[in-house]
Amino acid sequence: SMWPDGASGRWSSTAPDVTFDNVSAVSTVVRRLPQGTSAITWTITKDGCASPASFNLVNNAILTSAGIDRVICQTSTNLNALALLSGQTGVWTVDNGSVIIADLNSPTTLVTNLITGNNTFTWTVTSPSGCTAVDNVVISNNAFIVTAGMDNISCGPSYTLSGTDPLTGTGI
């Protein structure tokens, strides 16, 4: 309906923590919506008379966690995202094409063929209402290859050994 001359408007909500960027602007952003349904009201006031109009705003936001970043010393591990709730779907993606994700839709899937260094996995969860939540986890593979030489025969009491040079590490 039309905004009458000399009137003022004000947004309000039944949800206690809800805030509005500009409570008196016709168009504004509402923030801190709790999960579930909140009644939102726009009230126009003029000459001591108020005319409210309300609607329900449903916040179906979902939360997820892809798990804690980890350092491992192998080329495979299980991921550890939060379990899916009823009706939700999840899908893993990875920043490296050589990594193999055993089950793209399992929060705790096995991943293999991890490259040395950082492997970043993204867990995207979608609710039945179409809301999505995304989180990343970094699995750092610090594995390395060690060689100690081939089997051989010594023809005396001494033999020259040749193992992998630890470069910046230490050989023990």
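Note that this is a predicted model, so its numbers are computed, not measured.

Caption draft 1: Highlighting the sheet that holds strand S1 (residues 8–13). Spatial strand order, S1-S4-S5: 3 strands in an open sheet with antiparallel pairing. Strands with a single pairing partner mark the edges of an open sheet, and in this sheet they are S1 and strand S5 (49–59). Averaged over all pairs of adjacent strands, the angle between strand axes in this sheet comes to 20 degrees, irrespective of strand direction. Direction of pairing for S1 relative to strand S4 (residues 36–46): antiparallel, over a ladder of 6 bridges. Note that in S4 the partner of Ser12 across the bridge is Thr41.

Caption draft 2: Quick look at the side chain of Asn59. Secondary-structure assignment places Asn59 in strand S5. The class for Asn59 is buried, based on a relative accessible area of 16%. A distance of 3.0 Å separates the side chain of Asn59 from the backbone oxygen of Leu33, its partner in a polar contact. Look past the residues within four positions of Asn59 in its chain and what remains in contact with it is Leu33, Pro34, Gln35 and Gly36.

Caption draft 3: Quick peek at the packing of aromatic side chains. Following the criterion strictly, the structure yields 4 aromatic pairs and no others. Consider the rings of Trp11 and Phe20, whose centres lie 6.3 Å apart with planes at 20 degrees: the pair is stacked. Given a relative accessible area of 16%, Trp11 falls into the buried group. Geometrically, the ring pair formed by Trp11 and Trp42 is tilted, given 4.7 Å between the ring centres and 40 degrees between the ring planes. Highlighted residues: Trp11 in strand S1 and Trp42 in strand S4, separated in sequence by 31 residues.

Caption draft 4: Quick look at the side chain of Thr122. Relative to the helices and strands, Thr122 resides in strand S11 (residues 117–126). Reaching out from Thr122, the side chain makes a polar contact with the side chain of Asn136 at a distance of 2.6 Å. Once residues within four sequence positions are removed from consideration, Thr122 is found in contact with Val91, Trp92, Thr93, Val134, Asp135 and Asn136.

The rules behind these values
- Residues numbered from 1 in each chain as written.
- Predicted model: local features only at pLDDT ≥ 70, side-chain atom pairs only at ≥ 80, totals over all residues.
- Heavy atoms only, no water.
- Pairing = 2+ DSSP bridges.
- Helix = DSSP H or I, 4+ residues; strand = E, 2+ residues; numbered from the N terminus.
- Axes fitted to C-alpha atoms, helices over the stretch in contact; angles between N-to-C directions.
- Buried < 20%, exposed > 50% of the residue type's maximum accessible area, 1.4 Å probe, protein only.
- Polar contact = N/O pair within 3.5 Å; in protein donor to acceptor, adjacent residues only side chain to side chain.
- Contact = heavy atoms within 4.5 Å.
- Phe/Tyr/Trp six-rings, centres within 6.5 Å; stacked < 30°, edge-to-face > 60°.

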